[in-house]
Amino acid sequence: MNIKDRINETAKLLEENYKEQGIFELGIGMKLPKRAAIVEIINEIRRVMFPGFFGTENIAYVSLDNFAGNTLAGIYLELYKQIRIAFMFQNQKLLANGREPIATSLKEIEEMAEKTTFKFFEELPKVQKMLLKDVQALFDGDPAAQSLEDVIFSYPGLYAIFVYRIAHILYQENVPFVPRIMTEFAHSKTGIDINPGAVIGEYFHIDHGTGIVIGETCEIGNHVKLYQGVTLGALSTIKGQELSGKKRHPTIGDNVVIYSNTTILGGETIIGKNSVIAGNTFVTYSIPENTRVSPYVPELQIQKRD
């Protein structure tokens with residue numbers, strides 16, 4: 001068999017896979033959101049959140065009022081477009097599968113996309129304030145940090161938190177695809193996997209960060225610090241889609257520190273406030289407030305903190 005025949009044979013097998021799966025056959029007019037466009041939206045929002053840090057403009061010579069307005073105008077147009085495409089695709093798939101659609105007309109979808117985009121922009125000032133608290137938490141908690149600017153420029157944990165916080169807005173508005181594309185892009189850059197559905201409080205500190213996993217239904221309080229390799233996951237996903245929408249991931253109280261390579265699992269698992277979980281600990285049960293947990297020293301496995 002020559003090269004041409006081999007290519008044709010491979011192509012036929014791929015075409016059979018396409019037909020068997022069905023998910024690759026888009027109807028006329030159906031589109032999926034563009035990952036490259038969403039990544040560019042992330043970059044532009046980052047410029048607005050931290051002016052002067054990541055763009056080419058010199059803020060010393062640019063009015064911050066004009067800078068924010070001009071940049072936001074461009075973000076709005078592209079974000080609206082991607083949200084509209086996501087809603088349209090979801091609607092068409094629901095109709096194709098004989099399920100109730102989210103809208104009955106193109107105009108209704110456009111109105112949904114516009115309302116959602118407006119909501120996103122309304123939340124940005126609040127998100128920026130939370131991000132600046134995250135910057136402060138990282139600086140205060142890391143003696144290696146030389147300045148707040150150092151944290152903003154250099155820390156992958158802050159980048160993952162930033163992307164999560166903007167994606168979470170869209171998740172709350174039930175936008176398909178876009179929020180997960182955002183957080184998975186951050187995951188690919190940092191090794192930190194934060195599902196956009198997680199609920200995370202103020203002054204969140206991720207130290208080092210690589211290998212951290214935070215599940216969709218996880219709830220994290222204020223002033224929480226996580227080290228590398230921490231997993232806040234589900235006990236079991238063997239039931240698959242039957243668990244969708246149910247609390248599967250742990251709740252972490254305020255002022256908790258979780259050291260490296262610790263795994264905490266289960267929707268009913270609650271880590272009480274002011275607790276410390278030592279590294280390499282496996283937790284599937286609730287921990288009282290003001291507690292230290294260690295897998296190494298028996299008398300410290302569960303001990304009230306002073």
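The paragraphs below set out a description of the structure included in this document. Source: prediction; values computed, not measured.

## What about the packing of aromatic side chains?
Tallied over the entire structure, the rule returns 11 aromatic pairs. Seen from their ring centres, F53 and F153 are 4.8 Å apart, and the 55° between their planes marks the pair as tilted. With F53 in the loop between α2 (35-49) and α3 (64-96) and F153 in helix α5 (residues 148-154), this pair connects stretches of sequence that are 100 residues apart. Here F53 falls in the partly exposed class, since its relative accessible area comes to 23%. The partly exposed category is assigned to F153, whose relative accessible area is 48%. Here the aromatic rings of F120 and F121 are separated by 5.9 Å at their centres, their planes lie at 70°, and the arrangement is edge-to-face. The exposure class of F120 is buried, given its relative accessible area of 0%. The class for F121 is buried, based on a relative accessible area of 18%. Three or more aromatic residues joined by ring pairs form one cluster here, namely Y76, Y80, F118, F120 and F121. The lysine or arginine in question, R46, covers the ring of F54, its NZ or CZ lying 3.6 Å from the ring centre. For the cation-ring pair, K189 lies above Y159, with the distance from its terminal atom to the ring centre recorded as 5.6 Å.

## Some remarks on helix α4 (residues 106-141)
Helix length check: α4 (36 residues) gives 50 Å between terminal C-alpha atoms against 52 Å at 1.5 Å per residue, within 8%. The sharpest bend along α4 comes to roughly 40°, located at L124, with the proline P125 sitting one to four residues further on.

## Considering the sheet that holds strand β2 (residues 199-200)
Read from one edge of the open sheet, four strands run β2-β5-β8-β11, paired in parallel fashion. In this open sheet, the two edge strands, each paired with only one partner strand, are β2 and β11 (270-271). As paired elements, strand β5 (residues 219-220) and strand β8 (residues 251-252) share two bridges and run parallel to each other. From the neighbouring strand, E219 faces β8, where its bridge partner is T251.

## Quick word on the side chain of T116
With respect to the secondary-structure elements, T116 resides in helix α4. Judged by its relative accessible area of 5%, T116 is buried. Look past the residues within four positions of T116 in its chain and what remains in contact with it is I83, F87, L170, E173 and V175.

## Section: α2
Here α2 is 15 residues long and its end C-alpha atoms lie 21 Å apart, about the 21 Å a rise of 1.5 Å per residue gives. A37, I38, V39, I41, I42, I45, R46, R47, V48 and M49 are the residues of α2 that are buried.

Each value, and the rule that gives it
- Residues numbered from 1 in each chain as written.
- Predicted model: local features only at pLDDT ≥ 70, side-chain atom pairs only at ≥ 80, totals over all residues.
- Heavy atoms only, no water.
- Phe/Tyr/Trp six-rings, centres within 6.5 Å; stacked < 30°, edge-to-face > 60°.
- Helix = DSSP H or I, 4+ residues; strand = E, 2+ residues; numbered from the N terminus.
- Buried < 20%, exposed > 50% of the residue type's maximum accessible area, 1.4 Å probe, protein only.
- Lys NZ or Arg CZ within 6 Å of the ring centre and 35° of its normal.
- Expected span 1.5 Å × (residues − 1).
- Bend = angle between axes of the 7 residues up to and from the residue.
- Pairing = 2+ DSSP bridges.
- Contact = heavy atoms within 4.5 Å.

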